Amino acid sequence: MIDSKNMMPVSNTPLAGKPAEINLVGDKIYISLPDLSRIDIFLKSNLTKISSLYFEHEVSSFCVDGNYIYYSEHNQHCDVYKKNMTTNELIKILPDRGYSFYQPKLYLNKQDNILYIGETGHTGSTLFYYDATTLQLKSLFRKNNYGI
């Protein structure tokens, strides 16, 4: 943890594996550890680990919405899922062409109930907009019908 005012370290906490993404959720820090197929959860106040969430896949980018977690696998061509952490129900989210996403990054706009999935890492990348509840594709952006 680094103090943003003076850029000095405040605290240091070793992780169990190589992290892919960090999200702040309320008073907690969620860190995805792809090689362990899990997300570790820490308290923001003192960086104490309080729990872990386990997944069927390597977890890379993710968004937390109450009992639901939207997440991408950790690979170039990979799938994106919505998982109910209470019931363990797992739903695969499909891109418009039905194959897989390319190194996706996820962002959840809770106010508008939109899940953004942005492909990264190549010239044919697409930005997808999904209804976060129904997982229906609402729209997408491809520059010149190819990508960005």
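Just so we're clear, the structure is a prediction, and the values are computed from it rather than from any experiment. (Residues numbered from 1 in each chain as written. Predicted model: local features only at pLDDT ≥ 70, side-chain atom pairs only at ≥ 80, totals over all residues. Heavy atoms only, no water.)

A. Local environment of the sheet that holds strand β11 (residues 90-93). Here four strands make up an open sheet; going across it, the order is β7-β8-β10-β11 and the pairing antiparallel. Only two strands of the sheet have a single partner each, and these edge strands are β7 (59-65) and β11. For this sheet the average axis-to-axis angle between neighbouring strands, irrespective of direction, equals 20°. (Pairing = 2+ DSSP bridges. Helix = DSSP H or I, 4+ residues; strand = E, 2+ residues; numbered from the N terminus. Axes fitted to C-alpha atoms, helices over the stretch in contact; angles between N-to-C directions.)

B. How the structure looks around the sheet that holds strand β5 (residues 38-43). If you trace the four strands from one edge of the open sheet to the other, you get β3-β4-β5-β6, paired in antiparallel fashion. Two strands close off the open sheet at either side, each with one partner strand: β3 (21-25) and β6 (49-54). Between one strand axis and the next, the sheet turns by 20° as a mean value, whatever way the strands run. Strand direction decides the pairing type here: β3 and strand β4 (residues 28-33), joined by five bridges, are antiparallel. Counterpart to Glu21 in the pairing with β4 is Ser32.

C. How the structure looks around the nonpolar core. By size, the foremost hydrophobic cluster in this structure holds 13 residues, and its most contacted members are Tyr70, Ile93, Leu115, Ile117 and Tyr130. Secondary structure elements with two or more residues in this core: β13 (105-109), β14 (114-118) and β15 (127-131). Discounting chain neighbours no more than four positions away, the residues touching Tyr70 are Ser61, Phe62, Cys63, Asp65, Tyr81, Lys82, Ile93, Leu106, Leu108, Leu115, Ala132 and Leu135. (Core = buried A, V, L, I, M, F, W, Y, C linked by side-chain atoms within 4.5 Å. Buried < 20%, exposed > 50% of the residue type's maximum accessible area, 1.4 Å probe, protein only. Contact = heavy atoms within 4.5 Å.)

D. Structural detail: the side chain of Asp79. Position of Asp79 relative to the elements: it lies in the loop between β9 (77-78) and β10 (80-84). Assessed through its relative accessible area of 14%, Asp79 is described here as buried. At 3.4 Å, the side chain of Asp79 and the side chain of Tyr81 are in polar contact. Excluding anything up to four places from it in sequence, Asp79 contacts Tyr71, Ser72, Glu73, Lys92, Tyr99 and Ser100. (Polar contact = N/O pair within 3.5 Å; in protein donor to acceptor, adjacent residues only side chain to side chain.)

E. Structural view of the confidence of the model for the protein chain. Mean pLDDT over the protein chain stands at 91; residues scoring 70 or higher make up 97%. Mean pLDDT across the elements of the protein chain bottoms out in strand β1 (residues 2-3) (88) and peaks in β4 (98). (pLDDT = per-residue confidence, 0-100.)

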